[in-house]
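Structural description and commentary
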Amino acid sequence: MSAKYPRLHVLAASFWREWHRELRRQAGDERLPYQIRVRLRHAADRALRRSAVEEQRGVVPRWNRRALADAAPTRLSADDEQRGRRLAMECGIVPGQPIVTVEIGQRADRLSDAIERLSAEGFRIVRIGNPVAGPLRGRDVLDVASDPRRTPVLDLYLLLTSAFVVCSSAELQQAALIGHTPSLRIDAHDAFTAYPVRRDGIFTLATAVDLDTGRPLAIQELLTERYFRNSRNYGYRATSAAEITAAVGEMVEGVRTGWRESDAQRRFRQAVADAGVAMGHVRHVAEWDGASGFIGDGRLARVQAERAL
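Residues numbered from 1 in each chain as written. Predicted model: local features only at pLDDT ≥ 70, side-chain atom pairs only at ≥ 80, totals over all residues. Heavy atoms only, no water.

1. Examining the overall build of the chain
The number of helices and strands found in the chain is 13 helices and nine strands. Relative to its full complement of 309 residues, the chain shows a buried share of 48%. For the chain, contacts bridging at least 24 residues in sequence account for 65% of all contacts bridging at least 6. In the form shown here, the chain has an accessible surface area of approximately 15,600 Å², with 51% of it arising from carbon and sulfur atoms. (Helix = DSSP H or I, 4+ residues; strand = E, 2+ residues; numbered from the N terminus. Buried < 20%, exposed > 50% of the residue type's maximum accessible area, 1.4 Å probe, protein only. Contact = heavy atoms within 4.5 Å. Areas by Shrake-Rupley, 256 points an atom, 1.4 Å probe, with all protein chains shown as cover.)

2. Digging into the environment of Ile99
If you trace the backbone, Ile99 turns up in strand β1 (residues 99–102). C-alpha separation for the pair Ile99 and Glu243, spaced 144 residues apart in sequence, amounts to 21 Å. The contact partners of Ile99, leaving out residues within four places of it in the chain, are Ile93, Phe123, Arg124, Val126, Leu158, Thr161, Ser162, Ala163 and Phe164.

3. Focus: the pattern of salt bridges
The final tally for this structure, using the stated rule, is 22 salt bridges. Its salt-bridge partner being Arg150, residue Asp155 comes within 2.8 Å of it at the nearest N-O pair. We note a salt bridge from Arg302 to Glu253, for which the minimum N-O separation is 3.4 Å. Here Glu253 lies in helix α10 (residues 241–257) and Arg302 lies in helix α13 (residues 302–305), a separation of 49 residues in the sequence. For Arg302, a relative accessible area of 25% translates into the label partly exposed. The structure contains a network of salt bridges with shared partners spanning Glu250, Glu253, Arg260 and Arg302. (Salt bridge = Lys/Arg side-chain N within 4 Å of Asp/Glu carboxyl O.)

Next comes the structure, spelled out in structure tokens:
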């Protein structure tokens, strides 16, 4: 069966799963001779393995990391750029002032110290996204999340003209990627989904917590098959205010003096790439193109990388 037809592999996986269940049911029938039941169990095991193989062949990566790393940046049309600039000015953004666009998913108050740092560095902070996380306060903050003038064109204009973006969603991180805007993603739940493709990308990991025991997982445990097989058993603690502030400082350093990675960040990047190759059979890893050996040129925030491995 050709890999060009992933839907057929999905259907085949479903067939072999059902056949596995039926064989197991038959193997449990004590009216059958023992040797027959043994053969049925072995056949059921083979069907289950075949199902896993077909399921893996049916996975279609959501993106190609290498192609994205080499892609030209997305740009607004001339009309949309003019429209976006006009809307930005109407909202109070001064042309030429360096801005940082912020989207925060929960507890905007965690960014208080980071906002002060950005203000001291001369940035205007523009907040977009869902305002449910609470108000983002600071002397240089412009919150347009609930502004009636806000449009997708304005959001994209802000994204493309920002010195960098701070975000909590994969969608905005990816939009920054295709626009070649440096980005900091916070509160990621795993390294494969969030690992930045471009060198000017940084991310932080939320702390996974075992819901049965209350034990927080070490960062290296997020690179194991067991973590992905038991994902429903974990809750998450958001990135701390101190770590966000440190990561924002690293972003400022990057846009001002260039992007450099520490030895700890380099080791973590290699660990993610190696884990991706080893876990190429895990659906989540394959979907996010984590099994090719190239995970990206970005890095885990230095403040977390120092304790990651």
